[in-house]
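Each chain, letter by letter, is given below.
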Amino acid sequence: MCGIIGYLGKKNAADEVFCGLQRLEYRGYDSAGAAVLSADGKISVVKKQGRVDNLKPYLKDIAGATGIGHTRWATHGKPSDANAHPHVAGGIALVHNGIIENYAELKSALEACGETFLSETDSEVIAKLLSKNFKGDLICALAETVKVLKGSYALMAICEGNNSIAVAKYRSSVILGYGENEYFCASDEPALAGKCKEICVLDDGDIACITPDGIEIYNGNLQRIIREKKPNTGAEQSLDLGGYPHYMLKELHEIPVAVENTAKAFEGVSAKLKSALNGVDRIILVGCGTAYHAGLAGKRYFEQFARVPAECDTAGEFRYKNPVITERTAVFAVSQSGETADTVEAARLARGLGAKVIAVTNVLNSALTRIADVTVPVSAGPEICVAATKSYIGQITALYLCAVGFAKNGSNGNCAFADGLEAMPKLCKKTLAQVNTYSLANMCALSSGVYFLGRDIDYAVALEGSLKLKEVSYIHSEGYPAGELKHGTLALIDENAVAVALIFDETLAGKTVCAVEQVLSRGGKAAVITNVESVKKALSGRALVLETCACGKFLSPLVSAIAVQKLAYETAVILGRDPDKPRNLAKSVTVE
Ligand code: M6R
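Since we're looking at a predicted model, the values are computed, not measured. (Residues numbered from 1 in each chain as written. Predicted model: local features only at pLDDT ≥ 70, side-chain atom pairs only at ≥ 80, totals over all residues. Heavy atoms only, no water.)

Attention shifts here to the overall build of the protein. Scanning the protein from terminus to terminus reveals 18 helices and 25 strands. The C-alpha radius of gyration computed for the protein amounts to 25 Å, which stays within 12% of the reference 25 Å derived for 592 residues, consistent with globular compactness. Seen through its principal axes, the protein has C-alpha atoms that stretch 80 × 50 × 45 Å. Out of the 592 residues in the protein, the part that is buried amounts to 60%. For the protein, restricting intrachain contacts to residue pairs at least 6 apart in sequence, the fraction spanning at least 24 positions comes to 71%. With the model as given, the accessible surface of the protein reaches about 22100 Å², and the carbon-plus-sulfur share is 49%. Between the mean site of the 62 positive side-chain charges and the mean site of the 65 negative ones, the protein shows a separation of 2 Å. (Helix = DSSP H or I, 4+ residues; strand = E, 2+ residues; numbered from the N terminus. Rg over C-alpha atoms; globule rule 2.2 N^0.38 Å. Buried < 20%, exposed > 50% of the residue type's maximum accessible area, 1.4 Å probe, protein only. Contact = heavy atoms within 4.5 Å. Areas by Shrake-Rupley, 256 points an atom, 1.4 Å probe, with all protein chains shown as cover. Lys, Arg positive; Asp, Glu negative; His and termini not counted. Charge placed at Lys NZ, Arg CZ, Asp CG, Glu CD.)

Right, dumping it as structure tokens:
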């Protein structure tokens, strides 16, 4: 789950590769590297541990008009200069995104033939194999090499004395870009936004050869094939912080527009969705991390509005549990990037088993949308911060609308439960301006652990609040159903622990207040984020009460999520963390 980019044209390839790597950096920032082919056919490589910016001073040393680059999220081998890509073998430089599952046996076989390795990566094995298979034609060598690879790969390679880029793809995405006398290849569409007129998405098993004369695409047997080109309509992702100190804060402030645009975009797909869901009697929602948490809210919407049985699984669990699926099952695959390996594979599995697959994603033309019967857009706009904020709220908005639409078409539906979404952009704006999380952030920053509590839909958001806080602040945190705390976790509560209860359902408020009382009576610190008046009365003076504006229970996740996202952001800043690029993480997790 790294980002890879290639450029062949007339410009300075190092600059083009660097620009692409900046756009791809959300896929990993453990190291970055580039290889450029000079006019006299020599390859120069620079690679450095750490962020893409670390490469900048070295790029002036590599000149040429053809190049490849890589930004890494470490899987095999720690972040280091040696493990950074490109890997070089013979006169070939290679970048790889994916995981080679049989690399250990391939490596042993190569070592037995006398090869030595400079890195601990699975990818260097591919470079060595390529060099071994190279008999003067890079594409033939690539076709030969991929035959023995098991796992996932997007590969780009250049070779000394040959002005071309060889590309191969299996289970990791590759997009080709066609410009004016210049060509690109990249891990994803956003990396090419604004760079070229047309793009083309490679399929599994495809091999491509980019030369100054154009791009040829082949199947694994090197027979030429045609892949559809389409206009490159992606909006150029602005790397401008717009005056904000971090993307996370900027993106929090983009939430109202994300909600509004997602609702607008839904109008364009509601008829198609209606027909796809015709006859469906069971809903399954799958996703990873934050997207899974959005699915948990979606499950409640389908159950409450449409009275249809709904389940929500992490995509990684769903794939391996031999799920019960019929042709009357609809699987909603939720993913900001549309590239998360487990979610994409869960969707593929569900489709194979006969389910209707609905992609709920922020990236149109992503791998997920190519599998789905229908795509419900999350129109949150590009999200650069690794921590998902506006996309999560966009996902909840989209799932809410899907559930309301489904309920309206069904016989058991009860849309009376659903609150109007129209007012939400304004409410989100108000929440951003009003909810004051700073004191609580200071409390969390000093704590030994933070326990987010909630019931029903508040519990779904509690899980997300916990994930967000631990992800950007590195403070231990858990999300719990309020009623479960006393069944074990209460043992962790002492004067250094903080409990944060989310209370947005008046009918359940008293019960959750009891859980807060249990924390207070064990000497723990407590805070509540609520819009329920009685909670304020019950806990004021004993717990920190963060008031938010009034809204119906089912739309409250939009409000409570903004509060917990803001809390996570402020805690991270207090602790001096970089909320945009938390350690060890990447935004798009394209490996299993
Ligand atoms: O692109 P996806 O929505 O499929 O990504 C899934 C998770 O990796 C993602 O939501 C992750 O949990 C977030 N970065 C958390 O903020």
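Here the focus is the sheet that holds strand S22 (residues 477-481). With respect to topology, five strands assemble into an open sheet ordered S22-S21-S23-S24-S25, the strand pairing being parallel. The open sheet is flanked by S22 and strand S25 (544-547), the only strands paired with a single partner. Looking at each pair of strands side by side, their axes are set apart by 20 degrees on average, direction ignored. Docked against the sheet, helix H15 (residues 457-473) engages strand S21 (449-454), S22 and strand S23 (497-503), running at close to 175 degrees with respect to S22. Strands in contact with helix H16 (residues 506-521) are S21, S23 and strand S24 (525-530); relative to S23, the strand with the most contacts, it is inclined by about 175 degrees. (Pairing = 2+ DSSP bridges. Axes fitted to C-alpha atoms, helices over the stretch in contact; angles between N-to-C directions.)

With that settled, the discussion passes to unusual backbone geometry. Between His85 and the following residue, Pro86, the backbone shows a cis peptide bond with an omega angle of -5 degrees. Along the chain, Pro86 turns up in the loop between strand S4 (66-72) and strand S5 (87-89). Positive phi, close to 55 degrees, is recorded for Asp456, a residue that is not glycine. Assignment of secondary structure puts Asp456 in the loop between S21 and H15. Phi angles above zero are rare outside glycine, and Asn584 is one such case at about 70 degrees. With respect to the element layout, Asn584 can be found in the segment after helix H18 (556-574). Assessed through its relative accessible area of 58%, Asn584 is described here as exposed.

Before going further, it helps to spend a moment on the site of the ligand. The ligand sits among 15 residues. The nearest are Ser335, Gln336, Ser337, Thr340 and Glu471. Side-chain polar atom of Ser335 to an oxygen atom of the ligand: 2.6 Å apart, as the coordinates give it. One nitrogen or oxygen atom from the main chain of Ala388 is found 2.9 Å from an oxygen atom belonging to the ligand. Burial of the ligand by the protein chains amounts to 92% of its free accessible area of 410 Å². Elements supplying a minimum of two residues to the shell around the ligand: helix H8 (289-306) and H15. (Near = heavy atom within 4 Å. Polar contact = N/O pair within 3.5 Å; in protein donor to acceptor, adjacent residues only side chain to side chain.)

Now for the pairing of strand S10 (residues 183-186). In regular strands, side chains alternate between the two faces of the sheet. Of the two faces of S10, the one carrying Tyr183 and Cys185 and the one carrying Phe184 and Ala186 are both buried. Taken together, the four bridges between strand S1 (residues 3-8) and S10 define a ladder with antiparallel strand orientation. Considered in S10, the bridge of Leu8 is made with Tyr183. By the bridge criterion, four bridges tie strand S9 (residues 175-178) to S10 in an arrangement that is antiparallel. Each residue of the ladder has a partner; that of Ile175, found in S10, is Ala186.

Once that is clear, we can look at the sheet that holds strand S7 (residues 151-159). The strand order across the open sheet formed by seven strands is S5-S6-S7-S8-S12-S13-S14, and the pairing between neighbours is antiparallel. A strand with exactly one partner marks an edge of an open sheet, and here the two such strands are S5 and strand S14 (224-225). Bridge analysis of strand S13 (residues 214-218) against S14 gives two bridges, and the strand direction is antiparallel. Note on S14: the bridge partner recorded for Ile217 is Ile225. Contacts from helix H4 (residues 123-133) reach S5, strand S6 (92-100) and S7 within the one sheet, and its direction differs from that of S6 by about 135 degrees. Each of S6, S7, strand S8 (162-170), strand S12 (207-211) and S13 touches helix H5 (residues 138-146); the most contacted strand, S8, lies at about 20 degrees to it.

With that out of the way, let us pick up the packing of aromatic side chains. Enumeration over the complete set of coordinates arrives at 10 aromatic pairs. Both rings, one in Tyr301 and one in Phe554, keep their centres 6.3 Å apart while their planes meet at 65 degrees; by these two values the pair is edge-to-face. One end of the pair, Tyr301, is in helix H8; the other, Phe554, is in the loop between S25 and H18, and 253 residues separate them in sequence. When sorted by exposure, Tyr301 lands in the same class as Phe554, which is buried. Seen in terms of ring centroids, Phe305 and Tyr400 are 5.4 Å apart; in terms of plane orientation they differ by 85 degrees. Their pairing is edge-to-face. Taken together, the residues span a long stretch of sequence, with Phe305 in helix H8 and Tyr400 in helix H12 (residues 390-409) at a distance of 95 residues. (Phe/Tyr/Trp six-rings, centres within 6.5 Å; stacked < 30°, edge-to-face > 60°.)

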